[in-house]
Amino acid sequence: MSTVIILGGSSSIGKAICNQFNTQDNKLISTYCLKGDASKNPKNAKSFWLDLNSDKSIINFSKKLVSDKINVDILISLVGILPGKNLSEYSFEEIDKVLSVNFSGQAKLIRNILPLLTKKSRLLLFSSISAQKGSYDPIYAASKGALLSFIKSLLPSLPIEATVNAIAPGLIQDSTMFRNMTSDRQELHKEQIHSGKLLDENALAKIIFDLCQDHWSHLNGACIDLNGGQYVR
């Protein structure tokens, strides 16, 4: 049985990914941050509160995994916040929070659970198309870009045969980010994609599930772009 940890499993995208991994062959652990979101995690998954902007929360979550002697077979990090501001609109506190949740908090957590990784471990972190092409929100883009440099530099710290990769998706159909946009903005994203269609949550979940399988073991330190040709590099 594999232990699958999904950071941000209570999110709209997280629900679809949890459902994909929710099989008898997997032990599912899902985290939430906002009050009331625990109920959004799958009923047969262990649900933990985790705030990546809090060192105390990261330490407590890590200690729980260590005390329960949980080997991390698959770790998928979906967490991220997007204020959608330009640099002049950010406060110092907001800059620190975005960088903490989107990058440094994840780095701290992975640092703490290194002893729980095995040669079978598969780590997959969510970056963004913004990390590749830039964004109106420079702090968000920078935080997602930092993840890409991080995974390349993390490899020597991992057990032999373990993998760490990232995906950089564009806008996901019916995600929270999608629903928070105006209809004009949604259409603009669709127009920039060759097919005119956004990737939906269930298709994304299937891709994530497949990328964590052993036949992708030679994908390591890489970033998979999932933007439909919206940005080609």
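See the structure shown above.
Cut-offs and rules
- Residues numbered from 1 in each chain as written.
- Predicted model: local features only at pLDDT ≥ 70, side-chain atom pairs only at ≥ 80, totals over all residues.
- Heavy atoms only, no water.
- Helix = DSSP H or I, 4+ residues; strand = E, 2+ residues; numbered from the N terminus.
- Contact = heavy atoms within 4.5 Å.
- Pairing = 2+ DSSP bridges.
- Axes fitted to C-alpha atoms, helices over the stretch in contact; angles between N-to-C directions.
- Core = buried A, V, L, I, M, F, W, Y, C linked by side-chain atoms within 4.5 Å.
- Buried < 20%, exposed > 50% of the residue type's maximum accessible area, 1.4 Å probe, protein only.

Student: Explain the environment of Ser130 to me, and be specific about the residues and the numbers.
Tutor: Relative to the elements of secondary structure, Ser130 occurs in helix 4 (residues 130-133). Between the alpha carbons of Ser130 and Pro169 there is a distance of 8.9 Å; along the sequence they are 39 residues apart. Aside from chain neighbours lying at most four places away, what touches Ser130 is Ser135, Tyr140 and Ala141.

Student: Can you tell me about the environment of Leu82, naming the residues and giving the values?
Tutor: With respect to the helices, strands and loops of the structure, Leu82 is situated in the loop between strand 4 (72-77) and helix 3 (92-113). Along the primary structure Leu82 and Ile139 are separated by 57 residues, whereas in three dimensions their C-alpha atoms are 8.9 Å apart. Apart from the residues lying within four places of it in its own chain, the contact partners of Leu82 are Asp137, Tyr140 and Met177.

Student: Hey, could you go over the sheet that holds strand 2 (residues 26-32) for me, with residue numbers and the actual values?
Tutor: On the basis of which strands lie adjacent, the open sheet formed by seven strands has the order 3-2-1-4-5-6-9 and parallel pairing. One side of each edge strand has no neighbouring strand; the edge strands of this open sheet are strand 3 (46-49) and strand 9 (223-226). Ignoring which end each strand starts from, the neighbouring axes of this sheet average 20° apart. Sheet analysis places strand 1 (residues 2-7) next to strand 2, joined by five bridges and oriented parallel. Looking at the pairing, Ser2 lines up with Asn26 of strand 2.

Student: Help me get a handle on the nonpolar core, residues and values and all.
Tutor: Judged by nonpolar contacts, the single largest core of 32 residues is most densely connected at Ile5, Leu7, Phe61, Leu65 and Leu75. The set of elements that each furnish at least two residues to this core consists of strand 1, helix 2 (55-67), strand 4, helix 3, strand 5 (117-126), helix 5 (138-154) and strand 6 (163-169). Per element, the largest residue contribution to this core is five residues, and it comes from helix 5. If we skip the residues at most four places from it in the chain, Leu75 touches Ile5, Leu7, Ile110, Ile113, Arg122, Leu123 and Leu124.

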